[in-house]
Every structure is written in structure tokens, then in C-alpha cells.
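# Coordinate inspection notes
These are the residues of each chain, in order.
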Amino acid sequence: MNEQASWRAVAAATGTGDRARTEAGVRLAYRRAGLPEPERIVWARSPLAAVRLLSGAAVEDGEALPATGASVRDAVRNRPLAAARARLHTRLGPTGWSDHWRATGADLWETTRPLVDRVRTGVVEALAPADRKEETGVRLLLLDAVLGQHDAAWLSAFDAAPELDALAEVARTAGWWWPYESVAVVAERPVELHRDEAGRLDRGDGPALAFGDGFALHAWRGLPVPGEFLDRLASLTPERIRAEENAELRRVMLEYHGYDRYLEESGAQPVHRDETGVLWRIALPGDEDVVMVEVVNSTPEPDGTSRTYWLRVPPTTTTAREGVAWTFGLSAEAYEPLRQT
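Model, not experiment: these values are computed from the prediction.

A word on the nonpolar core. Counting 71 residues, the largest nonpolar core has Val 123, Phe 158, Trp 177, Trp 178 and Val 185 as its most contacted members. Apart from the residues lying within four places of it in its own chain, the contact partners of Val 185 are Val 42, Ala 44, Ala 50, Leu 54, Leu 65, Trp 176, Trp 177 and Trp 178. Formed by 21 residues, the second largest nonpolar core is a distinct cluster that contains Ile 241, Tyr 259, Tyr 262 and Leu 263.

With 22 residues, helix H5 (residues 106-127) should cover 32 Å at 1.5 Å per step; its first-to-last C-alpha distance of 32 Å lies within 8% of that length. Taking the largest bend as the criterion, H5 deviates by roughly 30°, centred on Thr 112, and proline Pro 114 comes between one and four positions later. Residues of H5 that are buried: Ala 106, Leu 108, Trp 109, Thr 112, Leu 115, Val 116, Arg 118, Val 119, Gly 122, Val 123, Val 124 and Leu 127.

This part takes up the pattern of salt bridges. A side chain of one charge can pair with a side chain of the opposite charge when the charged atoms of the two come close. Tallied over the full model, the rule gives 22 salt bridges. Of the charged contacts in the structure, one is a salt bridge between Arg 19 and Glu 188, with a shortest N-O distance of 2.8 Å. With Arg 19 in helix H2 (residues 19-32) and Glu 188 in the loop between strand S3 (183-187) and strand S4 (192-193), this pair connects stretches of sequence that are 169 residues apart. When its relative accessible area of 38% is taken as the criterion, Arg 19 is described as partly exposed.

Quick look at the packing of aromatic side chains now. One pass over the full model with this rule turns up nine aromatic pairs. Ring geometry for Trp 97 and Trp 101: centres 6.2 Å apart, planes at 25°, overall stacked. Placement of the pair is Trp 97 and Trp 101 together in helix H4 (residues 73-103), with a separation of four residues, close to one helical turn. Considered together, Trp 97 and Trp 101 belong to a single accessibility category, that of buried residues. Considering the side-chain rings of Trp 101 and Trp 154, the 4.5 Å spacing of their centres and the 20° angle between planes classify their relative orientation as stacked. With Trp 101 in helix H4 and Trp 154 in helix H7 (residues 152-157), this pair connects stretches of sequence that are 53 residues apart. A residue is classified by how much of its surface remains accessible, and Trp 154, at 24% relative accessible area, is partly exposed. Ring pairs connect the aromatic residues Trp 97, Trp 101, Trp 109, Trp 154 and Phe 158, which therefore count as one cluster.

Definitions and cut-offs
Residues numbered from 1 in each chain as written. Predicted model: local features only at pLDDT ≥ 70, side-chain atom pairs only at ≥ 80, totals over all residues. Heavy atoms only, no water. Core = buried A, V, L, I, M, F, W, Y, C linked by side-chain atoms within 4.5 Å. Buried < 20%, exposed > 50% of the residue type's maximum accessible area, 1.4 Å probe, protein only. Contact = heavy atoms within 4.5 Å. Helix = DSSP H or I, 4+ residues; strand = E, 2+ residues; numbered from the N terminus. Expected span 1.5 Å × (residues − 1). Bend = angle between axes of the 7 residues up to and from the residue. Salt bridge = Lys/Arg side-chain N within 4 Å of Asp/Glu carboxyl O. Phe/Tyr/Trp six-rings, centres within 6.5 Å; stacked < 30°, edge-to-face > 60°.

Right under this line is the structure:
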């Protein structure tokens, strides 16, 4: 496994890591920063549990968290990363650095950053759903976190930097962690992670991201959804889909139920038909129409049948040919000679 693939695996790792290795990495990170080692290292089962401990809203082993002192995140994480980046930037130059970032961490950060944002949002929603003052406090605590495994993109870019070896060790074995003068709080990695081919959180029958203490995030193709919403997907009807007031959730319902099935069960009628296919339109209250082109593959399947495809096209489409042409990036007029070739 090459280094980039190895760091991608770190970012997506689930399950309990090696606590002894993690704690050794945490202590080394303090020493690398020129700081005394923390007096205590406290474990939490999720970022939510960690923030609860730090905010005083929970106890650990029956006791409140001892005084932590000030955050040392800047010394432990930010300065070593900045030094490694400056050294590499000086050696490679602006263009060389940009090429290096694209070849190492850029793609991984594109899929990891939304995950980080979702975890932060989930913690805020759980701890401060309606209190602006409490929300500010929770967000400040979240900014004290070192991202552990979710720093993989940056660690991938600076893989050979000796001052980052301690951060890399913690990232390989644990999730987010909070370094303070006297105490370090370390969160376990998630126990489940489900994503689609684009790297977005995605699961239709349970949490897309789940931690051992029950903290969980639900999503459908990257869209945050309530857990109870997913529980109802298996019993969808056209009437329930039409009655959903949230346009984004209604689109999830349609994708899950299937546009073709919805059309059939709704008794929909085609709005246009020609030799390229059949155009269907679904009017949805409070949302743009869903317009689909039904096309039949001209190449038969091995069993002799011809497969039918449903292509979603812009709501302004008025003919089947226009819709099919749009899927090729062409106008209806430009598509005509290609079809006849």
C-alpha cells in the first residue's frame, strides 16, 4: 500500500485503536512541542462525549474532569504543521507546492472536510440545540480539537516531516483529541462509517457515522437527514412523498422509492413521446418539477431483453429528444444528425 492509500485508510478507519500507542504518541507530541507531558490522558467514546466532559456536562469514571489548564493545540499541532509546510514550500516553490498538495492530500481533504463539518454540527446540535450562548461555548471547545485520523490529508502531504511523527502516531490509532496543559482528552474512532462512491456520508437503513456511545449521524448521499426519517423509507407511498413539505427530504424519498416506481404508482401520463424516448413530468408542490426521459437501450441484454433507463433532465425540457440530447451536452438540433449516423 502506497503512502496516499495508507493515509486514506487512516481517515476512514473504524473501531478501537491501540490505546497504549495513542497515549505514547500524545506524550511525544507534548515533548516535541517543548511542553511537559500531560498529567492525565482521559478517553471518551466520541467527540460528543469529549466535549461533554470538557464543558462539565458529564463525568468520567464517576468524577468530574480535573482542571485542564489552557489549550496547547497551537504548540502541539499548528506550529509543527506550519513549520513542515513552510520548509516544503521553500524547497518546492509555489507551483511545486501546489502540485505536491494535489498529488497527496487534496483529494483526501475534499472528502474528509465535509465529514469534519458534520461531526462538529452534530455535536453542536446535541449540546446546544437552541441556546446561542451555549452554542458559542461548544464551538470554541471544538476548535481546541486536534483532528487525529481526520488530519490524514495534511499528514499525507508532510509524511516525512520528523516533527510530525507524534501527530501521525495518534492519527493512526485514534480519533479527535484535545491537548491542554494538564490533561489530554482523546476520543475513540467511530465504530461505523458508510459512504457512497463520491465519499459522501450515505446510508439508507441506519446511521452513516456511528460512535460507540450512540452518537450517530444519518445521511443520504451526503444530505443530513433525521434517523426517524430513514426508518420510514421502506413504507413510502406516492401520497406520503407528495405530502412531505421539506423539498430536500422529498427528493431523497423519490430517489429511494424510484422515479419509475413513483410514476407508475401515481398513474402519471407521459407529456411527450418520440423515437428517442418518452418524457415524463412530476409536479411537486413547493419545488421544481421532476422531469425524466425514459429510454430503451438499443443493445439487447444477454437474455435478449432491452433494458430501460430513466434519465433526469432539466425541468425546462419539453421533448424527449431535447432531454436525451441534454444528457450528451447537446441541443436537440445538434443531436439529430448524431442519432442518424
